[in-house]
Amino acid sequence: MRALPFAYLVLAFAFIYLPVATLVLFSFQGGTLPVSPFDGPSLRWYREVLSDDDLTDALVNSLFVATLSSALAVTLGFLAAYGLARHTLSGSVLIRSLLIAPITVSYLIVGLGLLIVVQRLGLGVSLLTVGIGHVVINLPLCFAILYASMGAQQENAERAARDLGATEAQVVRLITVPMLAPAILAAFFLSVTLSWDEFIIAFLLSRFDVTLPVEIWSLLRSGLSPRLNAVGSFVFLVSVTAVLILEILVFRKRR
Amino acid sequence: MKHLTSYFMCTTALCFVAGAAAAQEELNALVWCDHTDPALIQPFEEANNVKVNLREYEGTGAALALLEQSRPGDWDVLVIDGIDVFRAVEAGVLAPMPEGAVSTADFFPQVVMEENNTVDGVTYAVTEKFGYNTISYNADKVDAADMESLSTVWSEKYEGRISIYDYYLPVMGLAAIAEGVATAEIGAGDMDAIGGVLSTMRSRAASVAGVVAAQTALATGEVDIVVGGGEWLTAVLAEEQPNLTWTIPKEGAVRWAQSIGVVEGSENPDLAVEFIKYIVSPEGQARLATSSCFWGMPANAKAGEVLTDAQKDILRWDSQPDYLALTQLYPAPDADLDIEMQDLWLETLQQ
Amino acid sequence: MTPAGPSRQGWGFLAPALIWTCAFFILPFLVMGAMSFATLEGRTLVWGLSLENYIELGQKAYLWRAVLVSLEITLTVTVVSVVLAYPLAWIIAYRVPQRWQRLVLLLAILPFWTSYVVRSYAWLLVLAREGVINQTLIGAGLLAEPVTLANTRFATVTGFVHFFVMLLTLTIYANLVQLPANYRKAATDLGANAFQTFWHVILPLTLPGIVTGAFLTFVLCIGDYVTPQILGGNNELTVPQVIMVQLGRRADFPLASALAIVLMALVTVVYLLSSRWLRLDRL
């Protein structure tokens with residue numbers, strides 16, 4: 001590596017890690033303000049955050065919404081991709097555009113539209129409506145990933161299974177899903193990541209039970225404190241651990 | 001963390017957990033962020049074995065719309081700007097307070113505010129907390145004498161060192177006071193004058209900030225003055241940065257007051273009244289006054305027996321008679337003027 | 001693709017996703033469209049075919065200026081992010097030894113997993129007058145007085161660029177490593193210098209990746225509320241901020257809907273302009 005690319009790489013990493021480093025550093029602040037001078041290290045704010053029931057409840061809610069909505073999004077996306085890839089349908093281009101369309105729309109618009117409908121129908125908002133919104137935004141991604149990964153290789157295996165008398169359900173369950181497992185997992189974890197971190201839909205479509213980003217937002221609105229740094233650092237730690245475990249256990253093996 | 005582990009232990013039994021939680025009585029309250037402090041809510045929950053569900057809101061208009069669109073029984077308690085109680089009553093979202101249920105005998109007489117909380121002789125709400133939107137500043141960086149008059153606060157001298165609190169009513173109230181217009185008398189005809197003051201203020205300001213942004217800006221030296229600030233802004237910073245303080249200029253400042261009432265159609269009116277009684281009790285009042293979100297003076301003077309001397313110092317307990325005399329209530333525009341004021345505010349932000 | 005079964009079965013597989021998309025995306029979108037032609041009288045909603053909200057948008061300076069502000073910020077962010085991310089992706093793809101590439105790439109996008117709301121707040125701490133940047137520059141003797149960085153458009157753009165550099169590095173990298181190495185070798189063999197190889201061979205081949213990434217950046221950026229709200233200091237308002245004010249302070253759903261439709265129209269224009277190179281179904 002020559003000097004110039006190396007320097008650029010270092011600068012880029014400095015830029016990328018600057019806010020994270022600041023965040024983590026001041027999460028160990030001893031005093032009540034997350035600004036210099038640094039007077040830690042202290043674990044005071046972590047203790048406070050971990051004993052805050054609202055935050056831990058929100059964390060559980062987030063996990064709940066993220067896993068369930070992602071599982072649904074992957075399932076719907078998989079079925080649609082399979083239907084489109086394996087069957088000749090009239091208007092398939094149109095259907096594909098329709099399924100992809102939510103990607104081109106801001107989350108705010110998806111959330112606002114759902115909020116209006118829910119209110120007009122006189123229904124209440126809850127974690128359920130948040131989950132519905134998250135399926136809407138994640139379905140196109142899951143569909144696109146899975147559709148792109150359905151190649152001739154699986155198709156031949158599917159045909160062979162069919163020739164041997166497997167029913168359509170058996171083909172999907174025993175051939176297609178196992179062969180596409182890496183793509184299915186990738187789509188699932190991408191969905192979980194996006195849902196886990198999504199703010200505006202969760203903000204507009206929830207009432208008493210909220211997800212973590214919404215709880216963090218109300219913390220942020222209610223007073224400057226290293227508690228925010230501690231929450232942020234803790235979430236970062238949890239997510240990064242999950243990412244690294246996945247990277248090592250799931251994706252490394254597949255290569 | 002104990003919550004987390006227990007949740008994971010019984011993922012399969014989650015439905016049962018939810019079912020058990022539903023069996024407990026619940027109280028749904030639409031509130032300001034100071035009511036979300038567990039130190040305030042938990043004692044009530046434990047004493048009455050209930051679960052209090054809290055949702056914050058931003059503006060009265062949005063809260064009224066939310067209540068009108070909800071099903072009857074969705075909400076039990078509403079915390080609202082004192083000056084907006086009549087709007088809530090007009091919209092039919094507040095229920096009359098049961099006669100004699102809540103006593104205001106121990107309240108500071110100036111903040112009982114019958115005229116705010118009563119419509120046609122019927123009491124719908126009770127004042128719970130008040131404070132001031134005035135000038136917060138960094139005593140190390142600005143001349144304290146300059147802060148004693150509105151005319152010298154947003155002067156050229158402090159160009160780029162001012163932040164404006166992002167809520168149109170109090171800041172426009174301050175602008176009106178600077179122009180010699182009483183906040184209670186603001187009308188459509190005053191918009192030009194107020195707009196002129198806002199525009200000057202804006203041109204000198206570095207930012208227009210919400211609570212945290214304003215606190216961050218003051219604490220990090222981003223700005224030295226917050227117009228619209230007050231004890232609620234600097235009290236939580238007082239411990240570490242005693243140089244961050246506040247004052248009420250000689251022209252006066254704006255006084256905010258929040259009221260609490262029972263929502264019409266509540267399925268738990270008795271519990272709702274119990275909650276309000278707790279909030280205005282000396283203990284509840286002391287906790288509300290020092291809530292982690294923002295501090296403010298309790299309406300009930302008896303809270304003084306529960307608050308520590310240090311807390312009372314920060315709240316400036318002993319100066320209250322002077323402050324009450326010097327300040328005017330929030331402007332209380334009708335619906336049309338309200339829209340005009342909001343538009344003017346947004347124009348000012350976007351200038 | 002060859003048909004493997006009757007197309008009725010195909011529709012059976014498609015139905016759940018189609019129904020979901022129609023019920024929870026298309027229908028709400030249409031209702032929102034209708035809402036943008038309704039009006040608010042007091043707090044009563046009056047349905048109709050009124051153009052009032054759109055006229056208001058043209059008349060009130062803070063509304064149409066929000067559209068301009070949003071466009072300016074979004075275009076700046078998109079261009080800056082692409083310009084910064086491309087070399088980074090390039091270096092990772094062609095200069096970092098193969099076995100380190102995945103690790104370096106992972107490291108480059110790791111901060112992606114800090115909570116999104118917290119990330120903007122962290123930038124506020126970095127950019128403050130007593131923040132890391134000012135203190136470092138003053139410490140190095142490069143600055144005498146701290147400069148105001150937080151609560152400005154610069155801060156908003158920085159927060160956005162930080163996020164999108166990570167996103168774009170990923171998409172551009174994916175594109176670059178897919179190019180067969182022979183292409184570059186062939187160009188060099190034919191006498192092209194490094195710049196010519198890049199300009200005539202690599203860039204055209206990676207254009208779809210760039211455009212797709214840039215389009216996603218545009219969509220996500222123009223619709224974002226959190227970053228400008230936390231970092232911009234309300235010194236100017238973007239369309240999402242104005243929408244949230246309409247919802248939060250006066251529950252003016254018709255005007256908010258009209259603004260959302262305008263936002264949608266902007267994205268559609270950009271979509272049409274870039275559709276030649278866009279590969280949304282091959283992300």
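Residues numbered from 1 in each chain as written. Chains lettered and ligands numbered in written order. Predicted model: local features only at pLDDT ≥ 70, side-chain atom pairs only at ≥ 80, totals over all residues.

1. Digging into the overall build of chain A
- Check the secondary structure of chain A and you find 12 helices and zero strands.
- Overall, chain A shows an N-to-C arrangement of helices and strands of α-α-α-α-α-α-α-α-α-α-α-α.
- Along the first, second and third principal axes, the C-alpha set of chain A runs to 70 × 60 × 30 Å.
- For chain A, restricting intrachain contacts to residue pairs at least 6 apart in sequence, the fraction spanning at least 24 positions comes to 73%. (Helix = DSSP H or I, 4+ residues; strand = E, 2+ residues; numbered from the N terminus. Contact = placed C-beta atoms within 7 Å.)

2. Examining the overall build of chain C
- Along its length, chain C carries 12 helices and two strands.
- In chain C, the order of α-helices and β-strands from amino to carboxyl end is α-β-β-α-α-α-α-α-α-α-α-α-α-α.
- Counting only residues that meet the buried cut, chain C has 47% of its 283 residues in that class.
- Sequence-distant contacts in chain C: of pairs separated by 6 or more residues, those separated by 24 or more amount to 71%. (Buried ≥ 20, exposed ≤ 12 C-beta atoms within 10 Å, placed from the backbone.)

3. Examining helix 11 (residues 212-221) of chain A
- Most of helix 11 of chain A is tucked away: eight of the 10 residues are buried.
- Regarding helix 11 of chain A, the residues found buried are Leu212, Pro213, Val214, Glu215, Ile216, Trp217, Leu219 and Leu220 of chain A.

4. Observations concerning the interface of chain B and chain C
- Residue-level contacts link 26 residues of chain B with 26 residues of chain C.
- When contributions to the side of chain B that touches chain C are tallied by element, the ones reaching two or more residues are helix 4 (60-69), strand 8 (205-209), helix 11 (211-219) and helix 17 (335-349) of chain B.
- For the side of chain B that touches chain C, the element with the highest residue contribution is helix 17 of chain B, accounting for six residues.
- Residue composition of the side of chain B that touches chain C, grouped by class: 11 nonpolar, nine polar and six charged. (Nonpolar A, V, L, I, M, F, W, Y, C, P; charged D, E, K, R; others polar.)

5. Observations concerning the pairing of strand 10 (residues 244-247) of chain B
Residue and element names in this part refer to chain B.
- Residues Leu244 and Trp246 point to one face of strand 10 and are all buried, whereas Thr245 and Thr247, pointing to the other face, are not buried.
- Relative to strand 10, strand 6 (residues 126-138) is paired through four bridges, and the arrangement is antiparallel. Across the sheet, the residue bridging to Ile135 is Thr247, located in strand 10. (Pairing = 2+ DSSP bridges.)

6. Details of unusual backbone geometry
- Although it is not a glycine, Met113 of chain B adopts a positive phi angle of roughly 50 degrees.
- Among the secondary structure elements, Met113 of chain B is positioned in the loop between helix 6 (109-112) and helix 7 (114-117).
- Of the residues examined, Met113 of chain B has 22 C-beta atoms within 10 Å and is grouped as buried.
- We note that Asn234 of chain C has phi near 55 degrees; this positive angle belongs to a residue other than glycine.
- Within the secondary structure, Asn234 of chain C sits in the loop between helix 10 (226-231) and helix 11 (239-250).

7. Details of the interface of chain A and chain C
- If you look at the interface, chain A gives 80 residues, while chain C gives 67 residues.
- Going through the elements one at a time, helix 1 (3-27), helix 3 (53-86), helix 4 (92-100), helix 5 (107-120), helix 6 (127-149), helix 7 (152-163), helix 11 and helix 12 (226-254) of chain A are the ones with two or more residues in the side of chain A that touches chain C.
- With 13 residues, helix 1 of chain A is the single largest residue contributor to the side of chain A that touches chain C.
- Of the residues in the side of chain A that touches chain C, the class split is 60 nonpolar, 11 polar and nine charged.

8. A word on the environment of Leu14 of chain C
- Structurally, the position occupied by Leu14 of chain C is in helix 1 (residues 7-35).
- For Leu14 of chain C, a count of 22 C-beta atoms within 10 Å translates into the label buried.
- Between the C-alpha atom of Leu14 of chain C and that of Ala85 of chain C, which follows or precedes it by 71 residues, the distance is 37 Å.
- Every residue in contact with Leu14 of chain C, bar those within four places of it in the chain, is listed here: Ala80, Gly83, Leu84 and Ile95 of chain A.

9. Describing the packing of helix 10 (residues 191-204) of chain B against helix 17 of chain B
Residues and elements named next belong to chain B.
- Relative orientation of the contacting elements helix 10 and helix 17 amounts to 25 degrees, with a least axis distance of 10 Å. One way to sum up the angle between helix 10 and helix 17 is to call them roughly parallel. Of the two elements, helix 10 crosses helix 17, and the hand of that crossing is right-handed. Every residue of helix 17 that contacts helix 10 at Met191, Gly195, Leu198, Ser199 and Arg202 is listed here: Glu340, Leu344 and Thr348.
- Of the residues belonging to the contact of helix 10 with helix 17, the class tally is three nonpolar, three polar and two charged. (Axes fitted to C-alpha atoms, helices over the stretch in contact; angles between N-to-C directions. Parallel < 35°, antiparallel > 145°, perpendicular 65-115°, else oblique. Left-handed = near helix turned anticlockwise from the far one by under 90°.)

10. Re the nonpolar core
- In terms of nonpolar packing, the biggest core is built from 283 residues, with Leu146 of chain A together with Val227 of chain B touching the most fellow members.
- The biggest single contributor to this core is helix 3 of chain A, with 15 residues.
- Setting aside anything within four residues of it in sequence, one finds Val227 of chain B in contact with Ile135, Val153, Trp154, Ile162, Ile164, Tyr165, Val171, Leu174 and Met201 of chain B. (Core = buried A, V, L, I, M, F, W, Y, C linked by C-beta atoms within 7 Å.)

11. Some remarks on the confidence of the model for chain C
Residue and element names in this part refer to chain C.
- In this model, chain C carries an average pLDDT of 86, and 96% of its residues clear a pLDDT of 70 or more.
- Taken element by element, the predicted model of chain C shows its lowest mean pLDDT in helix 8 (residues 181-189) (77) and its highest in helix 3 (residues 61-95) (93).
- A low-confidence stretch, residues 1-5 stays under pLDDT 50, and its non-local contacts, those more than four residues away or across chains, total 13 contacts.
- The complex prediction reports pTM at 0.87, with the ipTM value standing at 0.87. (pLDDT = per-residue confidence, 0-100.)

12. Notes on the pairing of strand 3 (residues 77-81) of chain B
All names here are of chain B.
- Among the five residues that make up strand 3, five are buried, leaving the element largely enclosed by the rest of the structure.
- Relative to strand 3, strand 1 (residues 25-31) runs parallel, the two sharing two bridges. Note that in strand 3 the partner of Leu30 across the bridge is Leu78.
- Pairing between strand 3 and strand 11 (residues 254-262): five bridges, direction antiparallel. Paired with Leu78 across the two strands is Gly261, which belongs to strand 11.

13. Concerning the environment of Gly229 of chain B
All names here are of chain B.
- Relative to the assigned elements, Gly229 resides in strand 9 (residues 225-229).
- When the 27 C-beta atoms within 10 Å are taken as the criterion, Gly229 is described as buried.
- Taking the C-alpha atoms as reference points, Gly229 and Pro98, 131 residues apart in sequence, are found 36 Å from one another.
- Once you skip the residues sitting within four places of it in the chain, Gly229 turns out to touch Thr134, Ile135, Ser136, Tyr165, Ala214, Thr234 and Trp246.

14. Brief notes about the packing of helix 11 of chain A against helix 5 (residues 116-127) of chain C
- Interaxial distance between helix 11 of chain A and helix 5 of chain C falls to 8 Å at its minimum, and their mutual angle equals 30 degrees. By the angle between their axes, helix 11 of chain A is roughly parallel relative to helix 5 of chain C. On helix 5 of chain C, the residues touching Pro213, Ile216, Trp217 and Leu220 of chain A of helix 11 of chain A are Tyr116, Val117, Val118 and Tyr121 of chain C.
- Grouping the amino acids of the contact of helix 11 of chain A with helix 5 of chain C by side-chain chemistry returns eight nonpolar, no polar and no charged.

15. Quick look at the environment of Ala65 of chain B
- Note on placement: Ala65 of chain B falls in helix 4.
- Classification of Ala65 of chain B as buried rests on a count of 22 C-beta atoms within 10 Å.
- The spacing of Ala65 of chain B and Glu267 of chain B is 202 residues in sequence and 20 Å in space, taken between C-alpha atoms.
- Those residues in contact with Ala65 of chain B that sit more than four places away from it in its chain are Arg43 and Ala251 of chain C.

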